[in-house]
Structure formats: C-alpha cells, structure tokens
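So the chains spell out like this:
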Amino acid sequence: MTENNWVGDPNTACFIFPEASGHINSSLALSQRLVSNGWKVHYLSALVMKECIENTGATFDDERDAAPELCEGGLGYFAAYERLRQEKCPGSKAWEGRAHIENLFLLMKLPGTIEFLKRKRPSVVVYCPIWNHVAQISSLVLGIPHVAIVTIAGFGGFTEILKGFLEPEGATFDDFKHLYDKSEINQAAIDSLCSEPYNLDRALFAEGVPLYYFGIEPPYGRTLGKHTLVTTIASLRDPLCDSLEEEDKLYLENGGSKLHYVGPMMGQPGLKRAATHKAAFTEEERKLLIAQSEKAHRRRSELHPKKEDLVSIVQKAKSLGRRIVLVSLGTVVTSDRAAFGWQGTGLGDSITGKELVQSVINGVIDALSPFFDQSILSSVKADQTDSPLLICATGQQPDCLDDIILPPNSIARATVPQVDILRCMDSTDLFVHHGGQNSTWKEVLVESQWLCAQPLVISL
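Enquirer: Teacher, can you tell me more about helix 6 (residues 158-166) here?
Expert: Residues three or four positions apart in an α-helix share a direction because the helix packs 3.6 residues into each turn. Among all positions in helix 6, only Phe158, Leu162, Gly164, Phe165 and Leu166 are buried. Tucked inside the fold, the buried residues of helix 6 contact helix 4 (94-120) and helix 7 (173-182).

Written as structure tokens, this is what we have:
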C-alpha cells in the first residue's frame with residue numbers, strides 16, 4: 001500500500017488545509033514557529049488563504065492546480081464538491097451525496113496531491129483530518145509520516161454532531177451505511193482506490209464516512225496519523241471515554257494514533273489569520289478584496305483601515321479606562337456557502353447568516369446605547385470619552401451593515417486582528433462570538449466576559 005522507502009528533505013513540511021478559517025488558523029501558528037526555526041513549510045490550500053499563509057514565511061500552492069478537472073471554472077474544493085454532487089446524484093440530500101461521492105471526490109484529488117508531495121519532498125505532512133483526508137491517504141501511498149491537527153474540543157461530541165447533520169434530513173446512520181454500501185458510484189471509487197497505482201487497504205473504507213471521514217469506532221479513527229494534535233487541553237476536552245487513559249488507549253490501539261492535547265495554537269502577536277470563505281475565487285477577486293479592505297466603509301467609522309493601527313486604538317482606549325466590546329461571529333455565516341452561509345438556512349428552515357449577524361449587531365448596539373456619548377461625532381475624536389468602544393468584525397459581505405446605523409463610538413471592518421485585540425482586553429470587557437473552538441479558547445485565555453450566539457445550533 002505504501003512506498004516505505006520515502007526519504008524526504010530534512011526540516012521540510014507540507015501543510016494541507018482547507019478553505020475553512022477555523023481549521024487552518026491553528027496550523028498558521030505552527031508554521032510560523034517552524035519557519036522561525038529554519039524549516040521550509042509548503043502549503044496546499046485555497047487561494048483565499050494565500051495572504052495569511054505567506055505571512056508565516058511559508059510558500060503557497062493553489063489546491064485547484066492539484067485537481068484542475070474537479071475545479072474547472074475556478075471553483076475551490078467546497079464548491080467543486082457541491083457541483084460534483086449535483087452532477088452525479090442530482091436532487092440528493094446532503095447525507096445522500098456524502099454516501100455516493102465522498103470517495104469519488106477523494107479519488108479526483110489524489111493524483112495532484114501526490115504530485116505536490118513528490119515535488120516538495122517533505123519529511124512530514126501536517127493536515128486537517130476533517131476536510132483534507134486526501135492528505136492522509138496521499139501520505140499512506142507514499143509512506144510519509146503525517147500529523148493531524150484536530151480543531152474541535154475533543155472526540156466525545158461526535159455522536160451529537162452526526163445526529164445534527166442526519167436528523168434534519170430525516171436520516172439515521174443505518175440509512176447512510178445502507179446507501180454507502182450499495183452505491184455504485186461509491187463502490188467504483190473504492191475499487192479504484194484499492195487498485196493500482198494506489199493499492200489502499202479496503203478496510204480504510206469499510207465503516208462508511210458520513211461526515212468528512214470522521215470514522216465511527218472511534219470517531220476520526222481512520223483519519224489520524226501516528227501523532228495527533230488536539231487544540232484543547234485534556235481536562236476541558238469533550239470526553240469520549242470515562243477516563244483520559246481509556247481514550248488514549250482506544251485511539252492508540254484502534255486508530256494507531258497518539259493524542260496530544262496541546263491547547264490553543266495562537267501564534268505570535270501580529271500573526272495574520274484567515275478570515276473568510278469564498279467558493280470561487282480568482283486572482284482578480286483576491287486583489288479586489290485586499291483593495292476593499294483598505295477603504296473606509298461609508299458606515300464603518302471615519303478611520304482609514306490602511307492608516308489606522310486598530311490594536312493601538314484599543315490599547316489607548318484601555319489606558320483611558322474605556323471598556324471594549326468586540327463582536328465577531330466567525331467566517332461560515334458570512335461566507336457564500338449554500339447551507340450555512342450568508343443566504344443559507346442550514347439543513348432545514350432557519351434564519352439566514354445575514355439575519356443572524358445583523359440581529360446580533362443591532363442587539364449589541366441597543367444594549368450599549370445608554371452608555372454611548374452622543375455628543376461626539378466619530379470614533380476619531382472619541383479618545384476622551386467614557387463610552388465603550390464597539391468593534392465589529394463584519395465579514396466579506398458588502399451588505400452586512402445595510403440598514404444598520406453604527407454609533408460614533410464604533411469601528412467596523414471586514415476583518416480585524418481579533419487575537420491581538422483580545423490580548424488587550426480584560427474582565428471588564430465583552431467578547432460576543434459564535435462559540436467556535438478558536439473563539440472560545442481566546443476568551444478563556446484573556447478572561448473577558450463573553451456572550452455566545454452559536455449559528456450552527458440555530459441552523460440545526
């Protein structure tokens with residue numbers, strides 16, 4: 001199944017991560033550390049992630065170049081998957097699509113990913129096991145050591161996650177397994193994966209993979225390397241077993257992986273982080289997004305993004321005794337993803353991402369209105385006020401602030417240096433976030449007060 005004679009270049013790593021900010025951001029801190037220690041780091045990822053990747057000192061390769069047929073028309077992997085689902089099983093529900101085409105999707109990405117690794121000659125592959133299972137499979141084929149970074153709070157929540165994605169569409173795991181086993185599309189893909197030139201073990205695909213190759217016994221068990229970094233600490237993990245020892249033993253014996261609970265991977269101050277999702281993204285769009293981020297929005301304060309130092313503004317506000325309120329609701333609800341994005345309504349009937357974000361921003365403004373100093377005209381002149389400073393990370397959608405009137409003591413930007421702002425905050429301040437793993441850990445570390453509006457729970 002593998003080429004066991006693989007010899008990679010020393011101090012060279014390949015990172016394979018998705019168009020999903022919460023999954024790639026932890027890897028950026030590791031890349032930054034490795035580069036500072038003399039390593040060469042090469043990423044295979046989505047174009048929208050290029051800036052934050054290169055900011056760590058790593059090189060960037062576009063995932064679309066690894067699967068040109070799949071990504072024809074400039075689509076990233078997420079959008080290409082949806083197109084493939086409609087082509088191969090039109091009208092299918094989300095869970096039905098997973099059963100039919102997940103392994104076909106893997107098969108179409110595999111040749112280009114293997115070629116990427118052969119060109120870069122890494123001594124280790126680091127990857128997201130939720131979205132980038134192809135990284136593990138490519139590493140198995142070539143015999144490269146591989147390390148997964150798990151960006152959830154532990155493995156115990158898997159059953160509820162699985163139910164949450166199946167039940168809204170009226171399905172059970174048995175329904176999925178039945179369709180997975182009988183699907184001609186799926187079985188043909190597995191036959192190809194287990195034949196020349198890959199010769200993978202059919203047992204890798206025996207359980208079925210209802211959600212992003214989680215694996216079932218134990219969750220993620222089929223997708224991990226010999227070592228797995230989990231971005232929480234053991235005492236705060238969502239437990240799968242009664243004791244940590246039992247859990248470690250289960251993953252070592254059944255999954256072949258040693259779990260390392262490393263806590264949040266934040267990186268050094270100033271580290272640029274991923275902050276958007278984009279299904280189809282061209283080089284021209286990337287430049288336009290950068291240009292847009294350098295303009296003052298008509299409803300986003302009078303401060304100019306290219307000239308302002310937002311962290312210094314926060315530090316000055318704190319030095320004057322002002323309280324900070326930071327609103328940041330993640331990158332999924334502000335994305336253009338069909339189900340959970342700006343116009344998405346989840347897997348059933350739900351408010352859209354736009355409705356959620358705007359209602360939260362309006363709610364925060366209403367709650368803070370008694371404390372605002374109405375005598376000032378802009379946040380530029382607000383240094384001497386006692387009013388709280390409101391900072392909103394609004395995401396990429398140009399209509400986010402339509403029909404919203406921001407108070408003068410506020411700054412709104414498509415993206416903000418969230419971690420660096422939080423490092424300035426304390427227990428007198430408030431962080432309003434979406435309950436993501438990264439955001440939750442950030443507020444724990446800075447000990448600020450927090451309020452959670454969780455989009456996935458609302459959608460499901």
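Resuming the write-up.
Enquirer: Before we go on, may I ask you to explain the sheet that holds strand 5 (residues 146-150) in this structure?
Expert: Note: strands within a sheet are paired through backbone hydrogen bonds, in either parallel or antiparallel orientation. Taken in spatial order, the 7 strands line up as 3-2-1-4-5-6-7 in an open sheet, and their pairing is parallel. The open sheet terminates on both sides in strands that have one partner only, identified here as strand 3 (59-62) and strand 7 (258-261). Along the sheet, successive strands turn relative to each other by an average axial angle of 20°, direction set aside. In this sheet, strand 5 lies alongside strand 4 (residues 124-127) in parallel orientation, the contact comprising 3 bridges. By the bridge assignment, Val125 is partnered in strand 5 with His146. Docked against the sheet, helix 4 engages strand 1 (12-16), strand 2 (40-45), strand 3 and strand 4, running at close to 160° with respect to strand 1.

Enquirer: So what exactly am I meant to see when it comes to unusual backbone geometry here?
Expert: Working note: non-glycine residues mostly have negative phi, and peptide bonds are mostly trans. Look at the link from Glu196 to Pro197: it is a cis peptide, with omega at 5°. A positive phi angle, near 55°, is found at Asn11, a position not held by glycine. Relative to the helices and strands, Asn11 resides in the segment before strand 1. The exposure class assigned to Asn11 is partly exposed, which follows from its relative accessible area of 39%. Its identity as a non-glycine residue notwithstanding, Asn199 has a phi of 55°, on the positive side. Mapping Asn199 onto the fold places it in the loop between helix 8 (184-193) and strand 6 (227-230).

Enquirer: What should I look at first to understand the packing of helix 3 (residues 77-88) against helix 4 in this one?
Expert: How two helices pack is summed up by the angle between their axes together with the distance between the axes. For the pair helix 3 and helix 4, the least separation of the axes is 9 Å and the interaxial angle reads 115°. Here helix 3 and helix 4 pass one another in a crossing that is right-handed. Contacts from Tyr77, Tyr81, Leu84, Arg85 and Lys88 in helix 3 reach Ala94, Gly97, Arg98, Ile101, Glu102, Leu104, Phe105, Met108 and Lys109 in helix 4. Its residues assigned to classes, the contact of helix 3 with helix 4 comprises 8 nonpolar, 1 polar and 5 charged.

Enquirer: Got a minute to help me understand the pairing of strand 1 in this structure?
Expert: Regular strands place side chains that alternate from one sheet face to the opposite one. A large share of strand 1 lies buried, amounting to 5 of its 5 residues. When strand 1 meets strand 2, the two strands line up parallel, connected through 5 bridges. Paired with Thr12 across the bridge in strand 2 is Lys40. In this sheet, strand 4 lies alongside strand 1 in parallel orientation, the contact comprising 4 bridges. Bridging across to strand 4, Ala13 finds its partner in Val124.

Enquirer: I keep staring at the packing of helix 7 against helix 8 and nothing clicks. Help me out?
Expert: Following both chains from N to C, one finds helix 7 and helix 8 inclined at 60°, their axes separated by 5 Å at the closest point. When the axis of helix 7 is compared with that of helix 8, the two are oblique. Together, Tyr180, Asp181 and Lys182 of helix 7 and Glu184, Asn186, Gln187 and Ile190 of helix 8 make up the contact between the two elements.

Enquirer: Is there a simple way to think about the nonpolar core in this case?
Expert: Note on soluble globular proteins: their nonpolar side chains tend to be buried together. With 90 residues, the main nonpolar core has Tyr43, Ile53, Leu200 and Phe205 as its most contacted residues. No other element matches the 11 residues that helix 4 contributes to this core. In this view, Tyr43 contacts Phe15, Phe17, Ile24, Ser27, Leu28, Ser31, Ile53, Ala58, Thr59, Phe60, Asp61 and Phe116; residues no more than four positions away in its chain are not counted. Ranked by size, the runner-up nonpolar core spans 21 residues in total, among them Val360, Phe372, Leu390 and Ile404.

Enquirer: Before we go on, may I ask you to explain the environment of Val314 in this structure?
Expert: If you trace the backbone, Val314 turns up in helix 11 (residues 310-319). Residues within four places of Val314 in sequence aside, it is in contact with Ile324, Leu389, Ile391, Ile421 and Cys424.

Enquirer: I keep staring at the confidence of the model for the protein chain and nothing clicks. Help me out?
Expert: Confidence in the prediction for the protein chain averages 82 pLDDT; 81% of positions are at 70 or higher. This model gives residues 296-304 a pLDDT under 50, and the stretch forms 33 contacts once residues within four places in sequence are excluded. Note that pLDDT drops below 50 for residues 456-460; the model gives that stretch 12 contacts with residues more than four away or on any other chain.

Enquirer: I tried to follow the pattern of salt bridges on my own but got confused; where do I start?
Expert: Two side chains that carry opposite charge are able to pair once their charged atoms sit near each other. Considering all chains together, one arrives at 12 salt bridges under this definition. A salt bridge links Arg237 to Glu247, with the shortest nitrogen-to-oxygen separation between them at 3.3 Å. In this pair, Arg237 sits in the loop between strand 6 and helix 9 (244-255) while Glu247 sits in helix 9, placing the two residues 10 residues apart along the sequence. Owing to a relative accessible area of 0%, Glu247 belongs among the buried residues under this scheme. Here Asp426 ties to Lys318 by a salt bridge, and the two come within 3.2 Å at their closest N and O atoms. With a gap of 108 residues between them, Asp426 in the loop between helix 13 (418-424) and strand 11 (430-433) and Lys318 in helix 11 connect regions that are remote in the sequence. Owing to a relative accessible area of 30%, Asp426 belongs among the partly exposed residues under this scheme. When its relative accessible area of 19% is taken as the criterion, Lys318 is described as buried. Put simply, Asp61, Arg119 and Lys120 are held in one network by salt bridges that share partners.

About the criteria used
- Residues numbered from 1 in each chain as written.
- Predicted model: local features only at pLDDT ≥ 70, side-chain atom pairs only at ≥ 80, totals over all residues.
- Heavy atoms only, no water.
- Buried < 20%, exposed > 50% of the residue type's maximum accessible area, 1.4 Å probe, protein only.
- Helix = DSSP H or I, 4+ residues; strand = E, 2+ residues; numbered from the N terminus.
- Contact = heavy atoms within 4.5 Å.
- Pairing = 2+ DSSP bridges.
- Axes fitted to C-alpha atoms, helices over the stretch in contact; angles between N-to-C directions.
- Left-handed = near helix turned anticlockwise from the far one by under 90°.
- Nonpolar A, V, L, I, M, F, W, Y, C, P; charged D, E, K, R; others polar.
- Parallel < 35°, antiparallel > 145°, perpendicular 65-115°, else oblique.
- Core = buried A, V, L, I, M, F, W, Y, C linked by side-chain atoms within 4.5 Å.
- pLDDT = per-residue confidence, 0-100.
- Salt bridge = Lys/Arg side-chain N within 4 Å of Asp/Glu carboxyl O.

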